[in-house]
Amino acid sequence: MSDQWRKRWQEGRIGFHLQQAHPALLRHWKSLGVANRTKVLVPLCGKSLDMRWLADEGHPVLGIEFAPEAIEQFLLQRSTSVSRYRQAGFTISRQGSVELWCGDFFHLHIQQAAEIGAFYDRASLIALPPPTRQRYAFHLAQLVPPGAKGLLISLSHTDGSAGPPYSVPAGEIESLFTPNFTLTFLEEGSPDERGRTESVWALERRGPRL
Ligand SMILES: C[S@@+](CC[C@H](N)C(=O)[O-])C[C@H]1O[C@@H](n2cnc3c(N)ncnc32)[C@H](O)[C@@H]1O
């Protein structure tokens, strides 16, 4: 799987990448009420400018991405210095308050996630085949503490079961996350010219706060 994604990055087949922060992030993030300085986990982050936006809002950001190409392209957007180190099998690049962990999201362990207090997920589920989506929702729940809030932006389409991008309808999002999160549906966009419709959700990790 990681080979396929690396090939996409090497060939520039990254139609999912936006040239600006996602409008739904700008519309909804503040309504989550995430405290300033809370560290935000961004799984399967690509080179998303959403991370810059979150950092500019005062959040330390921890992004995780398979493809070193994505990480290098993200870092090149700014001339700010980058420090690099290795930890727990990941190569980590830090630029300002954004740290990018190069490796498999499923290898990130709760011990490395200790400071995370919120999350932002755009287009992770649609990158994963059905059985892996279940694993993803469970793994995310392991990494964030009770009370952690997050924004999730996903996509559904009518092209059948092919992907990525896979179609992830609202019912599936509910059944994936309800065991460990409370979900609030925020909005659904209009279908684009390819019949793809984005949906936006607020999530909060269930469980007793310590
Ligand atoms: C559809 S893209 C979304 C990227 C980003 N969230 C955005 O909004 O632009 C999915 C990204 O996840 C990465 N990816 C897929 N599976 C991964 C995994 N298990 N661990 C880390 N990154 C992964 C891919 O390389 C790809 O860059």
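Per-chain numbering applies: the sequence of each chain, read as written, is numbered from 1 onward. In keeping with the model being predicted, local features are shown solely for residues with a pLDDT of at least 70 and side-chain atom pairs are shown and tallied solely at 80 or more, while totals for entire chains, interfaces and linings include all residues. Each side-chain value is derived from all of the structure's non-hydrogen atoms; neither hydrogens nor water enter the calculation.

K.L.:
Is there a simple way to think about the sheet that holds strand 3 (residues 83-87) in this case?
P.N.:
Sheet strands associate in pairs through backbone hydrogen bonding, adopting either a parallel or an antiparallel arrangement. DSSP bridges decide pairing: two strands pair if at least two such bridges lie between them. A run of H or I in DSSP counts as a helix once it spans at least four residues, and a run of E counts as a strand once it spans at least two, with each numbered from the N terminus. Spatial strand order, 3-4-5-2-1-6-7-9-8: nine strands in an open sheet with mixed pairing. Only two strands of the sheet have a single neighbouring strand rather than two, namely strand 3 and strand 8 (181-188). This sheet shows a mean twist of 25° between the axes of neighbouring strands, independent of strand direction. Where strand 4 (residues 90-95) meets strand 5 (residues 98-102), five bridges bridge the pair, whose relative direction is antiparallel. Paired with Arg94 across the bridge in strand 5 is Glu99. Whether two residues are in contact is decided by their heavy atoms: any pair within 4.5 Å suffices. Where helices are involved, their axes are fitted lines through C-alpha atoms of the stretch in contact, as for all axes, and angles between N-to-C directions lie from 0 to 180°. Helix 4 (residues 68-76) contacts strand 2 (61-65), strand 3, strand 4 and strand 5 of the sheet and is inclined by roughly 160° relative to strand 5. Relative to the sheet, helix 6 (residues 170-177) contacts strand 7 (149-156), strand 8 and strand 9 (197-205), its axis offset from that of strand 9 by approximately 15°.

K.L.:
Honestly, the pattern of salt bridges in this entry has me stumped. Any pointers?
P.N.:
Any two side chains of opposite charge can pair, given that their charged atoms come close. A carboxyl oxygen of Asp or Glu within 4 Å of a side-chain nitrogen of Lys or Arg is what we treat as a salt bridge. Per the stated rule, a full pass over the model turns up ten salt bridges. Taking the shortest distance from any N to any O, the salt bridge between Glu69 and Arg6 comes out at 2.6 Å. Of this pair, Glu69 sits in helix 4 while Arg6 is found in helix 1 (residues 2-11), placing the two residues 63 residues apart along the sequence. Only protein chains enter the accessibility calculation, which uses a 1.4 Å probe; a residue whose area is less than 20% of its type maximum is buried, one above 50% is exposed, and one in between is partly exposed. Look at Glu69 and you get buried, because its relative accessible area is 16%. Among the ionic pairs, Arg27 bridges to Glu187, the shortest N-O distance being 2.6 Å. Residue Arg27 is located in helix 2 (residues 23-32), and its partner Glu187 is located in strand 8; the two are separated by 160 residues in the primary sequence.

K.L.:
How should helix 4 be read in this particular structure?
P.N.:
One full turn of an α-helix is made of 3.6 residues, so residues set three or four places apart face in the same direction. For helix 4, the set of buried residues is Glu69, Ala70, Ile71, Phe74 and Leu75. Contact partners of the buried residues in helix 4: helix 1, helix 3 (50-56), strand 2, strand 3, strand 4 and strand 5.

K.L.:
It is not clear to me how helix 5 (residues 130-143) should be interpreted in this structure. Could you clarify?
P.N.:
Helix length check: helix 5 (14 residues) gives 21 Å between terminal C-alpha atoms against 20 Å at 1.5 Å per residue, within 8%. Residues Thr132, Arg133, Tyr136, Ala137, His139, Leu140, Ala141 and Leu143 constitute the buried set of helix 5. Residues of helix 5 that are buried in the fold lie against strand 1 (39-42), strand 6 (116-122), helix 6, strand 8 and strand 9. What a helix is expected to span follows from its residue count: subtract one and scale by 1.5 Å.

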